[in-house]
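Here are the chains, one letter per residue:
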Amino acid sequence: MNNLTILWPLSGGLLIGLSAGLYLLTTGRIAGISGLAASAAGLTGAGVSTLGLGFLSGILAGAAFASAFIRQPEIVVTASAPLLLAAGLLVGFGTRLGSGCTSGHGVCGLARLSKRSLAATSVFMAVAALTVFAVRLVLGGIN
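Fair warning: this is a prediction, and the values are worked out from it, not measured in the lab. (Residues numbered from 1 in each chain as written. Predicted model: local features only at pLDDT ≥ 70, side-chain atom pairs only at ≥ 80, totals over all residues. Heavy atoms only, no water.)

Peer 1: Can you walk me through the overall build of the protein chain in this structure?
Peer 2: The secondary structure content of the protein chain amounts to six helices and zero strands. Going residue by residue from the N terminus, the α and β elements of the protein chain occur as α-α-α-α-α-α. Projecting the C-alpha coordinates of the protein chain onto the three principal axes gives extents of approximately 45 × 40 × 35 Å. For the protein chain, the proportion of its 143 residues judged to be buried stands at 16%. Intrachain contacts of the protein chain at a sequence separation of at least 6 include 32% that bridge at least 24 residues. Summing over all exposed atoms, the protein chain offers an accessible surface of approximately 10700 Å²; the carbon and sulfur share of this is 72%. (Helix = DSSP H or I, 4+ residues; strand = E, 2+ residues; numbered from the N terminus. Buried < 20%, exposed > 50% of the residue type's maximum accessible area, 1.4 Å probe, protein only. Contact = heavy atoms within 4.5 Å. Areas by Shrake-Rupley, 256 points an atom, 1.4 Å probe, with all protein chains shown as cover.)

Peer 1: Hey, could you run me through the UniProt feature "transmembrane region" (unreviewed entry) in the protein chain in this one?
Peer 2: Following the UniProt record, the feature "transmembrane region" (unreviewed entry) maps to residues 6-25, 37-70, 76-97 and 118-139 here. Secondary structure over residues 6-25 splits into 100% helix and 0% strand, and the C-alpha atoms at its two ends are 28 Å apart. (UniProt positions renumbered as here; feature names shortened; annotations may be inferred.)

Peer 1: Where do I start with a nonpolar patch on the surface in this structure?
Peer 2: Taken together, the side chains of Ile-6, Leu-7, Leu-10 and Leu-14 define a hydrophobic patch exposed on the protein surface, amounting to about 390 Å² of accessible area. Tracing the sequence through the fold places Leu-14 in helix α1 (residues 3-27). (Patch = residues over 30% accessible without salt bridge, like charges linked within 9 Å, V, L, I, M, F, W, Y side chains within 5 Å. Salt bridge = Lys/Arg side-chain N within 4 Å of Asp/Glu carboxyl O.)

Peer 1: Any chance you could explain the environment of Ser-34 here in plain terms?
Peer 2: In this fold, Ser-34 is placed in helix α2 (residues 33-40). When the C-alpha positions of Ser-34 and Gly-104 are compared, they lie 7.6 Å apart, and in sequence the two are 70 residues distant. Sequence-distant contacts of Ser-34, that is, excluding residues within four places in its chain, are made with Thr-95, Gly-100 and Cys-101.

Peer 1: I would appreciate a short explanation of the nonpolar core in the present structure.
Peer 2: In globular proteins that are soluble, nonpolar side chains generally tend to be buried together. Within the largest apolar cluster, six residues are counted, these being Ala-20, Tyr-23, Ala-31, Leu-36, Phe-55 and Cys-108. Contacts of Cys-108, omitting those with residues within four sequence positions, involve Ala-20, Ile-30, Ala-31, Gly-32 and Ser-103. (Core = buried A, V, L, I, M, F, W, Y, C linked by side-chain atoms within 4.5 Å.)

Peer 1: How do you make sense of the packing of α2 against helix α3 (residues 50-69) when you look at a structure like this?
Peer 2: The relative placement of two packed helices is expressed as an angle between their axes plus a distance between the axes. Interhelical geometry of α2 versus α3 gives an angle of 120 degrees and a closest axis separation of 8 Å. Regarding the angle of α2 to α3, the classification is oblique. Helix-helix and strand crossings are classified by hand; for α2 and α3 the assignment is left-handed. Within the contact between the two elements, α2 uses Ile-33, Leu-36, Ala-37, Ser-39 and Ala-40 and α3 uses Gly-52, Leu-53, Phe-55, Leu-56 and Ile-59. (Axes fitted to C-alpha atoms, helices over the stretch in contact; angles between N-to-C directions. Parallel < 35°, antiparallel > 145°, perpendicular 65-115°, else oblique. Left-handed = near helix turned anticlockwise from the far one by under 90°.)

Peer 1: How should I be thinking about α2 in this particular structure?
Peer 2: For α2, the complete set of buried residues consists of Ser-34, Leu-36, Ala-38, Ser-39 and Ala-40. In the stretch just after α2, Gly-42 is the one whose phi turns positive, near 80 degrees.

Peer 1: Would you mind showing me how to read unusual backbone geometry here?
Peer 2: The phi angle at Leu-113 is positive, at roughly 60 degrees, despite the residue not being glycine. Counting through the fold element by element, Leu-113 comes out in the loop between α5 (102-111) and α6 (115-138).

Peer 1: Can you help me understand the side chain of Thr-95 in this one?
Peer 2: Along the chain, Thr-95 falls in helix α4 (residues 81-97). With residues up to four places along the chain from it excluded, the contact list for Thr-95 reads Ser-34, Gly-100 and Cys-101.

Written out as structure tokens, the structure is:
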């Protein structure tokens, strides 16, 4: 096994945890992507948030910076545009309904020992496991 096989995801996870912790310590706010995206779009009732815009800009800039140094995989999208649009709307609705997304509950909420985040993350993981079971064993995998 290549040493980089474990170092890349480990360093990425550490950077995510460090940035979420620093964001909480410096602003007193949780670094959940769905909440920050909603505040950047002005959907929280307080107008457009420059903090949310800055955070999302930093995520995009970090991704662009990383992509300049890491080999790009070939990405093939096989779903139709209407299906992708519907999926995106459902995900957005679900994150608002669940008061956060998987990253917000899993990274930030669990670190704060939030019972709501523990329940949400447990449901996310259980549904993910059941989906993998259904797709791989019951349906015979995806071609």
